[in-house]
Amino acid sequence: MSTEAALSVITISYHDPDGLSRTLRSVAEQTYSPLEHIVIDGGSGDDVAKMLENARLSYWQSQPDAGRYDAMNQGIDRATGDVVWLMHSGDCFAARDSASLGMAALNESGAARDRWGYGRARIVGDPNREGLEWGYSPFEMRNFALGIRPIPHQAALFGMNLVRGLGHYDVHFGLAADHLYMLKAAQRQRPIVIDAVLCEFDAGGAGSVRPQHEHFADIRRAWDSVGYYPWHQRDVTVLASRAIEYTARSKQLARSLLSRRPRVGGR
């Protein structure tokens with residue numbers, strides 16, 4: 001019998017057969033064991049159901065759900081492993097040993113079920129950012145909570161004891177429910193930062209193209225939800241957040257204007 005901590009990889013999907021196929025292949029190629037793969041599909045039709053039926057999965061379903069975070073919660077409820085890793089349709093592990101690297105970091109002290117951590121993600125699917133890596137080290141609670149140093153969710157893994165203590169993803173919070181979840185996790189325990197690219201992140205998803213003002217509005221809502229304010233006082237923290245948002249939006253506008261400048265000479 002294996003003494004290694006068991007890993008549960010959970011994939012949610014909806015009308016994305018090509019992306020789902022890539023993710024299935026990536027998970028099947030992982031060298032880590034024991035590993036179970038759970039797929040929660042929102043009811044994408046017979047072709048996807050047949051694909052899942054023929055894949056090597058511990059559990060799958062293809063039926064309507066209440067959205068991405070409801071699907072994630074359903075997957076977590078089905079998981080039997082010591083560690084949970086959410087790898088959405090279209091996202092892939094960066095290499096065959098990526099799961100092994102992540103699990104080794106969490107299991108270093110033999111307490112993988114109680115810990116969480118994250119590595120870096122490589123962006124794919126966006127011509128303007130193709131190949132860029134993101135994921136910040138060291139972890140800084142204040143800057144993470146302010147939205148300056150976000151954690152790539154698909155490069156994060158969570159011990160099951162911690163997951164059970166955190167409860168479900170908030171299905172009413174919107175597209176930033178993953179940030180809220182990790183903020184709650186960080187309040188309980190500082191994450192382990194893994195010095196490796198662990199996943200390829202498909203930047204074509206809904207959460208990747210949101211306007212800056214929506215991102216920062218969700219960041220501020222998360223503080224109120226957990227009662228944590230990076231600058232201790234709510235009004236001071238909101239003021240700092242407004243300044244950060246203004247700077248970020250100004251930089252984004254400047255990049256947009258520069259990209260539209262006509263080229264002079266050359267080819």
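The structure reproduced in this document is the subject of the present report.

What counts as what
- Residues numbered from 1 in each chain as written.
- Predicted model: local features only at pLDDT ≥ 70, side-chain atom pairs only at ≥ 80, totals over all residues.
- Heavy atoms only, no water.
- Buried < 20%, exposed > 50% of the residue type's maximum accessible area, 1.4 Å probe, protein only.
- Helix = DSSP H or I, 4+ residues; strand = E, 2+ residues; numbered from the N terminus.
- Arc of directions from axis to C-beta.
- Expected span 1.5 Å × (residues − 1).
- 1 Å grid on protein atoms, 1.4 Å probe; cavity = no way out; pocket = protein on both sides within 12 Å on 5 of 7 lines; lining within 4 Å.
- Points joined across faces, edges and corners; volume = space filled by probe spheres on them.
- Nonpolar A, V, L, I, M, F, W, Y, C, P; charged D, E, K, R; others polar.
- Pairing = 2+ DSSP bridges.

## What about helix α4 (residues 98–106)?
Owing to its 3.6 residues per turn, the α-helix aligns residues three or four sequence positions apart on the same side.
Argument step 1. Looking at α4, one finds that the buried residues are S98, A99, G102, M103, A105 and L106. An end-on view of α4 places all buried positions within 160° of arc, on one side of the element.

## Points about helix α8 (residues 212–226)
Argument step 1. Between its first and last C-alpha, α8 extends 22 Å over 15 residues, near the 21 Å set by a 1.5 Å rise per residue.
Argument step 2. Listing the buried residues of α8 in full gives Q212, F216, D218, I219, R220, A222, W223 and V226.

## Remarks on the layout of surface pockets
Space left empty within the atom packing is revealed by a probe, the size of a water molecule, rolled over the atoms.
Argument step 1. Its volume calculated, the second largest pocket comes out at about 280 Å³.
Argument step 2. Around the second largest pocket sit 15 residues that line it, and L24, V27, A28, H37 and R56 are the ones nearest its centre.
Argument step 3. Broken down by secondary-structure element, the contributors of at least two residues to the lining of the second largest pocket are α1 (17–28), β2 (35–41) and α2 (46–54).
Argument step 4. With 4 residues, the single largest contributor to the lining of the second largest pocket is α1.
Argument step 5. When the residues that make up the lining of the second largest pocket are grouped by side-chain class, the tally is 8 nonpolar, 5 polar and 2 charged.

## Considering the pairing of strand β8 (residues 156–159)
Argument step 1. Of the two faces of β8, the one holding A156 and F158 and the one holding L157 and G159 are both buried throughout.
Argument step 2. Sheet topology places strand β4 (residues 83–86) next to β8; 3 bridges connect them, and they run antiparallel. The residue of β8 that forms the bridge with W85 is L157.
Argument step 3. Sheet analysis places strand β6 (residues 116–124) next to β8, joined by 3 bridges and oriented antiparallel. Counterpart to W116 in the pairing with β8 is F158.

Spatial relationships are all this shows, so hold off on functional conclusions.
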